[in-house]
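# Remarks on the overall topology
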Number of protein chains: 2
Amino acid sequence: MSKKYVYLFSEANASMRNLLGGKGANLAEMTGLGLPVPQGFTVSTEACNRYYEDGKTIADDILEQFYEALAKTEEINEKKFGDPENPLLVSVRSGARVSMPGMMDTILNLGLNDIAVKGVARLTGNDRFAYDSYRRFIQMFSDVVMGIAKAKFEEILDGAKKERGVKHDTELNTDDLKTVVQRYKALYLAEQGKEFPQDPKAQLLEAVKAVFRSWDNPRAIVYRRMNDIPGDWGTAVNVQAMVFGNMGNDSGTGVAFTRDPSTGEKRLYGEFLMNAQGEDVVAGIRTPKAISDLQDTMPEVYNQFVDIAKTLEDHYRDMQDMEFTIEKGKLYMLQTRNGKRTAAAALKIAVDLVAEGKLSKEEALLKVEPKQLDALLHPTFDPKAIAAAKPIAKGLAASPGAACGKIYFTASDAVAAAEAGEQVILVRLETSPEDIEGMYAANGILTARGGMTSHAAVVARGMGTCCVSGCGDIMIVEKHKTMSTTDGKVFHEGDYISIDGSTGYVYGDAIATEPAKLTGDFGTIMEWADEVRTLKIRTNADTPKDASQAIHFGAEGIGLCRTEHMFFDEERIPAMREMIVSKNRDQRVRALLKLLPMQKKDFTGIYEAMGELPVTIRLLDPPLHEFLPQEEEDIKALAKEMIIPLEELKQTIANLHEFNPMLGHRGCRLAVTYPEIAEMQSRAIIEAAIEVAAEKKISIKPEIMIPLVGDIKELKYVKDIIVKTAEQVIQEKGVKIDYLVGTMIEVPRAALTADEIATEAEFFSFGTNDLTQMTFGFSRDDAGKFLEDYYNKKVYESDPFAKLDQNGVGKLVRMAAELGRKTRSNIKLGICGEHGGEPSSIKFCHDIGLNYVSCSPFRVPIARLAAAHAAIEEKKAKK
Amino acid sequence: MSKKYVYLFSEANASMRNLLGGKGANLAEMTGLGLPVPQGFTVSTEACNRYYEDGKTIADDILEQFYEALAKTEEINEKKFGDPENPLLVSVRSGARVSMPGMMDTILNLGLNDIAVKGVARLTGNDRFAYDSYRRFIQMFSDVVMGIAKAKFEEILDGAKKERGVKHDTELNTDDLKTVVQRYKALYLAEQGKEFPQDPKAQLLEAVKAVFRSWDNPRAIVYRRMNDIPGDWGTAVNVQAMVFGNMGNDSGTGVAFTRDPSTGEKRLYGEFLMNAQGEDVVAGIRTPKAISDLQDTMPEVYNQFVDIAKTLEDHYRDMQDMEFTIEKGKLYMLQTRNGKRTAAAALKIAVDLVAEGKLSKEEALLKVEPKQLDALLHPTFDPKAIAAAKPIAKGLAASPGAACGKIYFTASDAVAAAEAGEQVILVRLETSPEDIEGMYAANGILTARGGMTSHAAVVARGMGTCCVSGCGDIMIVEKHKTMSTTDGKVFHEGDYISIDGSTGYVYGDAIATEPAKLTGDFGTIMEWADEVRTLKIRTNADTPKDASQAIHFGAEGIGLCRTEHMFFDEERIPAMREMIVSKNRDQRVRALLKLLPMQKKDFTGIYEAMGELPVTIRLLDPPLHEFLPQEEEDIKALAKEMIIPLEELKQTIANLHEFNPMLGHRGCRLAVTYPEIAEMQSRAIIEAAIEVAAEKKISIKPEIMIPLVGDIKELKYVKDIIVKTAEQVIQEKGVKIDYLVGTMIEVPRAALTADEIATEAEFFSFGTNDLTQMTFGFSRDDAGKFLEDYYNKKVYESDPFAKLDQNGVGKLVRMAAELGRKTRSNIKLGICGEHGGEPSSIKFCHDIGLNYVSCSPFRVPIARLAAAHAAIEEKKAKK
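Residues numbered from 1 in each chain as written. Chains lettered and ligands numbered in written order. Predicted model: local features only at pLDDT ≥ 70, side-chain atom pairs only at ≥ 80, totals over all residues. Heavy atoms only, no water.

Turning next to the overall build of chain A. Looking only at helices and strands, chain A features 35 helices and 33 strands. A globule of 879 residues ought to have a C-alpha radius of gyration of about 29 Å, and chain A, at 32 Å, matches this closely. Structurally, chain A occupies a C-alpha span of about 100 × 65 × 50 Å along its principal axes. Counting over 879 residues, chain A shows a buried share of 58%. (Helix = DSSP H or I, 4+ residues; strand = E, 2+ residues; numbered from the N terminus. Rg over C-alpha atoms; globule rule 2.2 N^0.38 Å. Buried < 20%, exposed > 50% of the residue type's maximum accessible area, 1.4 Å probe, protein only.)

Here you go:
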């Protein structure tokens with residue numbers, strides 16, 4: 001027997017969401033609950049996949065089921081397709097597993113043709129209604145299904161109004177509309193080379209195919225990528241008997257939520273319009289009334305609806321978003337689904353549902369999307385102020401939050417202004433590591449170039465600073481310190497702008513912002529999350545400020561403290577540069593001695609912020625050329641400052657040039673060639689730990705991490721330097737202190753030989769940023785050139801730098817975790833790439849048994865909740 | 001019981017080479033054969049490893065065995081260490097598994113002290129001999145064991161000669177030598193802060209430790225790296241009773257081979273000196289006599305030696321290299337080993353030994369080192385001419401062979417000169433892909449910059465053209481078209497130089513060269529190799545010329561035909577550039593249409609050269625910016641030529657700039673963004689195949705290879721383009737033709753997901769160059785900066801770009817091969833990285849069951865022999 005591809009509403013239920021889509025499964029569930037649902041059927045998502053597999057055709061076995069379901073639908077509704085007496089009209093809607101706005105528009109009134117229209121006229125006693133419905137249907141079908149431009153139909157309609165000398169559609173009479181229908185059909189014939197289909201079954205089949213096709217339209221693809229929806233889910237198609245809310249004053253239509261989706265407050269929330277169809281509510285020509293007003297208009301219907309709403313919320317144990325239509329005094333439910341809600345509402349609803357005894361804590365946790373929390377952690381614009389504002393440009397929403405301030409065009413100007421107490425927006429063509437201080441000082445960052453993974457975007461997200469990147473709408477002239485917009489408006493240094501890193505919009509004046517509010521519900525959810533999760537959550541933090549921020553958000557340690565950002569500091573970079581241009585070990589050691597006290601102070605501050613929580617400090621990682629200037633002018637200035645011949649400095653910079661800096665002289669390779677750098681850093685780490693431990697009377701056990709290891713011997717060489725230095729410091733200070741030495745696993749070879757690596761490494765931290773670059777063989781900086789094409793051509797469905805590629809990179813991670821544990825059963829395993837803050841990647845980390853994930857401070861709450869989700873899902877799967 | 005670390009010669013045999021080193025094992029074997037060997041013992045290589053593990057000390061359990069063996073040695077030789085009457089003197093020699101010139105010098109006469117010297121004087125009746133031996137021993141011990149500069153001792157000796165007014169050491173009498181001994185001991189005391197050790201056991205222990213230490217001296221490390229000798233093999237130490245060849249005219253010493261090591265001719269070959277020690281033969285002060293003369297001098301000894309030589313060769317079934325000493329008319333054998341030989345000799349000896357019935361063919365094949373063959377495949381200098389020549393500079397021996405010609409400084413000058421019939425040496429600072437034509441035209445290539453894996457080196461090796469790279473001794477001024485040497489001599493365009501790519505030497509004039517001679521023995525060995533090997537050998541060839549060369553060397557197909565070199569051709573690059581600066585698909589297609597006939601012609605030539613042998617053609621791989629100029633001047637010229645605004649061209653070039661070109665927009669990524677490129681290439685491949693097949697009435701089945709694939713969807717996208725185009729061509733031509741579509745496996749992710757990839761790929765070709773870069777996370781171009789440090793610090797023992805890293809990269813290759821076969825059991829597997837011509841990597845490919853290796857034409861014979869070795873070794877292992 002053939003597989004079942006088509007289900008009557010009465011044959012299915014809510015658990016069949018993957019097969020029938022959300023809408024279809026819920027229509028079936030409501031049918032099962034005995035609620036008033038216009039009957040119909042759903043063509044499954046598997047039929048959609050078959051459609052593509054079969055070269056965009058619908059196979060015979062599916063067609064057969066389709067016609068059978070259609071026949072039953074006619075029977076149930078006691079109407080017949082194309083029947084001159086009692087014609088069946090249906091709506092056709094797409095319906096994926098999750099709601100997807102990018103997809104096909106709904107088609108209403110399908111089934112109308114030259115004959116059925118007369119039946120409708122007769123049945124409703126309303127000729128005008130019938131022909132108006134027909135002309136609307138022709139237009140909708142032609143547009144949505146056949147792709148004929150809507151404007152061409154509007155033109156005909158406008159022509160008809162002009163001929164009649166009227167202004168509104170409603171002023172056209174039945175005859176006018178009959179003429180319009182004739183002209184519409186003529187247009188269709190001209191465009192398609194054949195008559196408008198009169199056979200309702202043919203109409204329906206075309207509509208179903210159009211829904212399937214819409215699954216792969218560009219909007220849908222983009223939406224899926226943004227929301228991590230796999231392309232192979234497919235969409236279902238719902239075919240449902242029409243009911244009419246526009247059959248007079250005893251008819252109407254509306255939408256409602258069982259709770260307020262903005263605040264989560266428990267009250268029926270929504271609106272309705274009498275004598276209207278769904279599209280009228282959306283179109284906004286007439287102003288809908290609040291749902292509570294329905295009580296006065298149609299008290300019985302209202303009470304019935306309130307009962308249904310309660311039934312549905314109790315049944316689904318979640319806030320419901322419902323659509324209904326009243327046809328001649330009778331209520332029909334057209335849709336119900338778990339309602340979308342703001343982050344704040346999500347928290348309140350989850351906490352309330354537990355209080356009401358409807359959900360367990362674990363169930364409630366699953367009702368809150370981890371990613372949603374982000375919105376609560378950053379400042380936002382004052383809602384009233386932003387409602388009135390008009391953006392002057394749009395870039396990429398690179399790092400969430402809202403910021404307002406005066407614009408400055410260089411990092412040092414930004415720092416000076418911030419120190420003078422100004423609110424600062426740093427505006428740059430693109431940022432580089434040299435800008436780091438300015439980025440720290442700024443409330444927000446705006447760049448004209450660079451994508452979602454540009455330096456500006458990555459660093460800003462790490463700092464939790466709002467950032468709009470790649471804003472091609474603005475032109476920056478750095479030497480004039482101006483930026484101008486496409487309409488020619490010029491902004492000078494010190495002018496106010498506002499930027500929204502959650503939307504990418506840029507505003508040309510000061511818009512008030514509101515700080516993040518972490519409500520009581522937030523704390524409750526976090527507390528529940530902490531109760532169930534088993535993954536520890538650490539943070540990536542390089543400064544005491546970041547560390548404190550992360551602790552405030554619940555971090556349980558530092559998983560990655562980079563030691564290079566510190567050297568870009570204006571005070572330090574001279575010593576760093578002196579080290580780099582040194583000609584021999586002695587000179588280098590002298591320069592490093594200058595850096596030692598500063599570096600030690602960094603660690604002191606971090607230990608003080610973290611107390612006894614674990615801190616993983618990574619040795620110097622970037623290639624040395626990053627610390628030297630590249631512009632002729634700056635090189636000249638530096639040569640003068642350092643009192644070395646310009647040519648010599650240029651030669652040094654030329655020698656440090658790399659063809660592929662990603663694959664160059666960096667990470668532990670620096671420590672192999674210049675052991676004295678690792679010596680200085682180890683000394684600073686251990687001395688600071690001993691001192692803070694003594695002063696605060698606490699126990700500190702630093703974790704020293706060696707980056708970019710690819711071979712056990714390489715690791716051992718650097719580890720020996722660290723251990724030797726540490727033991728020397730311990731002897732000098734006469735104080736015993738424990739410490740761990742471990743490694744990043746970020747080079748494929750390290751993952752492949754993790755069993756060997758683990759003989760020396762006491763912990764692994766997966767650096768999935770670099771591991772992703774090397775495993776895929778493309779760099780973040782360069783992939784922007786072709787990734788867009790890859791998305792458009794459906795080669796990739798998501799950004800592997802944002803969401804861990806479990807199939808490829810994940811395979812290496814899993815392999816390394818297993819090999820590592822085989823050698824050293826108690827090896828500590830964590831992840832410190834950007835993926836450490838991404839929910840699906842966190843679930844993966846949980847599943848393969850890592851000990852912790854580490855992410856930027858602002859991602860810590862997200863990670864805590866995601867880790868809880870992972871633990872709960874694991875429990876559920878085991879049941 | 002403790003492990004055995006020390007073996008008397010009489011306790012061991014030749015099979016213990018790994019434990020006792022080559023020298024020790026053979027001394028034991030000769031002892032077992034009843035040959036006259038001065039007796040002693042060997043401290044094992046495991047003792048050497050223990051020495052390092054135990055923090056450079058000799059553990060007590062080893063010491064105990066050592067003293068026991070020493071006691072037995074005294075017993076056997078009936079002499080005692082430090083005995084005033086009958087003192088035992090010994091030699092101490094290092095001895096690794098394979099002979100290693102980089103290691104410790106021999107110490108002779110150990111055991112001499114103030115007392116023993118008198119015993120020696122008495123026993124030999126030769127005071128002068130005794131004290132001369134003593135002063136030599138002090139000097140040798142101080143130098144070799146304690147590291148006191150030899151020159152300081154020479155100074156004392158010179159002083160003594162001056163005092164006595166004599167010129168030669170031999171003119172000093174016994175008293176003079178006693179004074180010298182006193183002064184030597186005083187020098188030792190001053191340098192070491194303690195007396196010269198009088199206890200022979202202490203002397204011996206120090207000497208043993210010095211041998212162990214010498215295993216890790218820089219010379220030895222470099223030698224090991226050059227010869228692929230693992231650091232953990234360790235060295236053994238041989239302690240052997242001294243015999244003296246300098247005890248009068250009935251004494252002597254010599255070395256001999258059982259066959260001529262230059263030609264392989266079967267005759268005793270060697271030399272000897274009467275009344276001399278081994279070092280005198282080496283020192284070259286006296287001219288040794290041919291070994292045949294010994295027949296006249298000491299006929300009995302000669303006959304005994306001839307017998308022994310025959311016994312040894314028959315026993316070892318290989319040409320022997322022997323050392324002997326005659327002490328007072330008695331012959332002693334000090335060493336035997338399989339003799340080193342030239343490539344030509346190796347072939348002749350192997351073939352002769354089979355003819356003599358001593359070896360099977362398979363055994364004979366194992367006697368020839370595959371790498372050695374290289375020397376036979378390239379032109380060499382005329383031996384007489386080169387003997388007289390003095391080099392003017394030295395660079396890296398980047399690609400073997402000798403070349404002589406007039407120098408030209410640009411690729412186009414080189415091409416013009418070659419077309420005019422000149423012999424050309426292309427001299428460049430460094431080469432880039434734009435130079436490819438000039439490189440083809442040249443007899444040899446000389447660059448001032450760039451390492452063994454620079455563009456020049458890699459391309460030259462691929463072409464089999466002699467190349468000296470990174471020659472810092474020459475200064476090139478391109479605009480003057482001159483090069484000068486360190487001593488100021490200036491060479492102008494058109495001047496003659498000669499270069500030796502096998503040694504790195506550059507000569508300032510024309511030296512005659514001789515073409516490669518592939519003798520009959522070569523053919524015989526190749527034939528035998530082909531009989532046993534199971535791996536197919538293909539070649540990497542981009543031109544009909546290379547393809548013919550490779551077939552001449554026995555290639556069985558093309559494993560990699562790159563399609564980009566072709567576009568650097570002067571005639572074609574304009575169309576290529578037009579394609580790159582195109583603004584849309586139409587423009588690109590127009591430019592590609594110009595390239596199509598040229599590309600088709602390339603393939604026609606290659607198919608014609610290869611006949612029915614398989615040809616794998618790789619689609620365009622390099623990033624497009626490689627085809628555009630980078631210098632301001634060239635950009636201007638191009639803008640003018642192409643009639644596009646300079647700024648626009650500059651913008652195009654800037655847009656194509658990549659931070660990490662290795663990890664950028666290249667390989668199949670080009671085909672994803674510009675499918676029309678793949679379309680053009682596929683069309684050219686199929687059309688050419690159809691035409692050549694028809695014309696030559698043969699069957700051609702092209703293998704189309706997609707580079708840089710990381711994901712199955714990426715592969716499928718490009719494969720679909722290829723298949724669609726191919727089917728279209730087939731339909732147009734009305735001719736059926738078979739073809740395969742496969743992929744490079746060169747991105748780690750492709751290897752990790754090879755099971756998925758194999759659902760679409762009909763063959764895999766491992767691109768181990770890129771796979772090595774990405775697996776290790778460093779690029780060939782940049783690794784030069786730190787690899788030297790890595791070798792020096794023993795982090796790496798060999799260059800992973802030359803020798804496949806079996807532990808890491810190899811793990812990926814093995815995994816991919818297994819996964820690939822799991823999905824598609826008959827999938828064709830090959831390798832086309834540079835490793836495809838390296839013997840140990842070829843063995844790995846054989847072991848994991850690849851179908852073929854592909855290497856540059858000049859490596860094909862090496863690969864054939866290496867593949868035979870692998871097959872024979874596998875058989876042996878199975879026994």
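Further remarks concern the relation of the copies chain A and chain B. Structural alignment of chain A on chain B gives an RMSD of 0.2 Å, achieved by rotating through 180 degrees and translating 0.0 Å along the axis. One copy is carried onto the other by what is essentially a two-fold rotation axis. When each C-alpha of chain A is compared by its distance to the rotation axis, Asn660(A) comes out closest, at 2.1 Å. (Least-squares fit on C-alpha atoms with pLDDT ≥ 70 in both.)

Moving on: the confidence of the model for chain A. Confidence in the prediction for chain A averages 92 pLDDT; 99% of positions are at 70 or higher. Across the whole predicted complex the pTM is 0.85, and at the interface the ipTM reaches 0.85. (pLDDT = per-residue confidence, 0-100.)

Another point: the packing of helix α2 (residues 45-53) of chain B against helix α8 (residues 200-214) of chain B. All names here are of chain B. Across the interface, α2 lies against α8 with an axial gap of 10 Å and an inter-helix angle of 85 degrees. The orientation of α2 with respect to α8, classified from their angle, is roughly perpendicular. Residues Ala47, Cys48, Tyr51 and Tyr52 of α2 touch α8, and the partners they reach there are Lys209, Phe212 and Arg213. Of the residues in the contact of α2 with α8, the class split is 5 nonpolar, no polar and 2 charged. (Axes fitted to C-alpha atoms, helices over the stretch in contact; angles between N-to-C directions. Parallel < 35°, antiparallel > 145°, perpendicular 65-115°, else oblique. Contact = heavy atoms within 4.5 Å. Nonpolar A, V, L, I, M, F, W, Y, C, P; charged D, E, K, R; others polar.)

Residue and element names in this part refer to chain A. Here Asp542 shows up in the loop between β26 (536-540) and α21 (544-552). Residue Asp542 is classed as buried on the basis of its relative accessible area of 6%. Taking the C-alpha atoms as reference points, Asp542 and Met463, separated by 79 residues in sequence, lie 9.7 Å from one another. For Asp542, the residues in contact, after removing those within four places along its chain, are Leu560, Cys561, Arg562, His565, Met566 and Ile606. Side chain to side chain, Asp542 and Arg562 meet in a polar contact 3.0 Å long. (Polar contact = N/O pair within 3.5 Å; in protein donor to acceptor, adjacent residues only side chain to side chain.)

Time to look at empty space enclosed by the protein. Residue and element names in this part refer to chain A. The tally for this structure, following the rule as stated, stands at 8 cavities of 30 Å³ or more. Put simply, the largest cavity is a space of about 70 Å³. Around the largest cavity sit Ile221, Arg224, Arg225, Ile229, Tyr791, Lys794, Tyr796 and Glu797, which together line it. In terms of residue count, the dominant contributor to the lining of the largest cavity is helix α9 (residues 218-226) (3 residues). (1 Å grid on protein atoms, 1.4 Å probe; cavity = no way out; pocket = protein on both sides within 12 Å on 5 of 7 lines; lining within 4 Å. Points joined across faces, edges and corners; volume = space filled by probe spheres on them.)

Glancing now at unusual backbone geometry. All names here are of chain B. For Lys697, which is not a glycine, the phi torsion comes out positive at approximately 50 degrees. Mapped onto the elements of the fold, Lys697 is located in the loop between α27 (675-696) and β27 (703-706). Exposure remark for Lys697: the relative accessible area of 72% places this residue in the exposed category. Of note, the phi angle at Leu708 is positive, near 60 degrees, even though the residue is not glycine. One can find Leu708 in the loop between β27 and α28 (712-733).

Once that is clear, we can look at the environment of Lys348(B). Residues and elements named next belong to chain B. By the element assignment, Lys348 lies in helix α13 (residues 343-355). Taking C-alpha positions, Lys348 is 16 Å from Tyr269, a pair spaced 79 residues apart along the chain. The residues touching Lys348, leaving out its near neighbours within four places in the chain, are Thr263, Gly264, Glu265 and Asp521.

Let us now look at helix α31 (residues 768-776) of chain A. Residue and element names in this part refer to chain A. The element α31 is largely enclosed, with a buried count of 9 among its 9 residues. Taken together, the buried positions of α31 are occupied by Thr768, Asn769, Asp770, Leu771, Thr772, Gln773, Met774, Thr775 and Phe776. Count one or two residues on from α31 and you reach Gly777, which has phi positive near 75 degrees.

What follows covers the sheet that holds strand β9 (residues 320-327) of chain B. Residues and elements named next belong to chain B. Judged by pairing direction, the sheet is antiparallel, and its 5 strands sit side by side in the order β8-β7-β6-β9-β10 without closing on themselves. The strands lining the two open edges of the sheet, one partner per strand, are β8 (289-290) and β10 (330-338). Sitting on the sheet, helix α12 (residues 299-316) is in contact with β6 (252-257), β9 and β10, with an inclination near 25 degrees to β10. (Pairing = 2+ DSSP bridges.)

What follows is about the interface of chain A and chain B. Counting residues at the interface gives 50 residues for chain A, matched by 50 residues for chain B. Where chain A abuts chain B, roughly 4,500 Å² becomes buried across the two surfaces, and 56% of that area is made up of carbon and sulfur atoms. On the chain A side of the contact with chain B, Leu663(A), Arg749(A) and Leu752(A) bury the most area, a combined 14% of that side's loss. Connecting chain A to chain B are 4 salt bridges. Its salt-bridge partner being Asp805(A), residue Arg749(B) comes within 2.6 Å of it at the nearest N-O pair. Remark: the boundary between chain A and chain B carries 26 residue pairs in polar contact (both at pLDDT 80 or more). (Buried area = accessible area lost by both parts, 1.4 Å probe. Salt bridge = Lys/Arg side-chain N within 4 Å of Asp/Glu carboxyl O.)

This brings us to the packing of aromatic side chains. Residues and elements named next belong to chain B. Summed over all chains, the structure comprises 48 aromatic pairs over all chains. When the ring of Phe41 is compared with that of Phe66, the centres are 5.8 Å apart and the planes differ by 85 degrees; the resulting orientation is edge-to-face. Within this pair, whereas Phe41 is found in strand β2 (residues 40-43), its partner Phe66 is found in helix α3 (residues 60-77), the two being separated by 25 residues in sequence. Each member of the pair Phe41 and Phe66 is classed as buried. (Phe/Tyr/Trp six-rings, centres within 6.5 Å; stacked < 30°, edge-to-face > 60°.)

All names here are of chain A. Taken in spatial order, the 5 strands of this open sheet run β1-β2-β7-β5-β6, and their pairing is antiparallel. The sheet is open, and its two edges are formed by β1 (6-8) and β6 (107-110), each paired on a single side. Each neighbouring strand pair of the sheet contributes to a mean axis angle of 25 degrees, computed without reference to strand direction. Here helix α8 (residues 200-214) sits on the sheet in contact with β2 (40-43), β5 (90-96), β6 and β7 (235-241), set at roughly 150 degrees to β7.

Residue and element names in this part refer to chain B. For the pair helix α6 (residues 150-164) and helix α7 (residues 174-192), the least separation of the axes is 10 Å and the interaxial angle reads 150 degrees. You can see that α6 and α7 cross each other, and the crossing is right-handed. The residues of α7 that touch α6, namely those facing Lys152, Phe153, Ile156, Leu157, Ala160, Glu163 and Arg164, are Asp176, Val180, Arg183, Tyr184, Leu187 and Glu191. (Left-handed = near helix turned anticlockwise from the far one by under 90°.)

All names here are of chain A. With the rule as written, the count across this model stands at 148 salt bridges over all chains. Here Lys594 ties to Glu578 by a salt bridge, and the two come within 2.6 Å at their closest N and O atoms. Placement of Lys594 in helix α23 (residues 585-610) and of Glu578 in helix α22 (residues 573-581) is noted, with a sequence separation of 16 residues between them. When its relative accessible area of 42% is taken as the criterion, Lys594 is described as partly exposed. Judged by its relative accessible area of 25%, Glu578 is partly exposed.

Residue and element names in this part refer to chain B. Tracing the sequence through the fold places Asn217 in the loop between α8 and α9 (218-226). Overall, Asn217 belongs to the buried group, its relative accessible area being 18%. Here the side chain of Asn217 touches Arg219 through a polar contact of 3.1 Å, landing on its backbone nitrogen.

This part is about the pairing of strand β19 (residues 466-469) of chain A. All names here are of chain A. Neither face of β19 is open: one carries Cys466 and Val468, the other Cys467 and Ser469, and all of them are buried. Summarising the sheet, strand β15 (residues 396-399) and β19 pair through 3 bridges and their orientation is antiparallel. Counterpart to Leu396 in the pairing with β19 is Ser469. Direction of pairing for strand β18 (residues 444-447) relative to β19: parallel, over a ladder of 3 bridges. Paired with Leu446 across the strands is Val468, a residue of β19.

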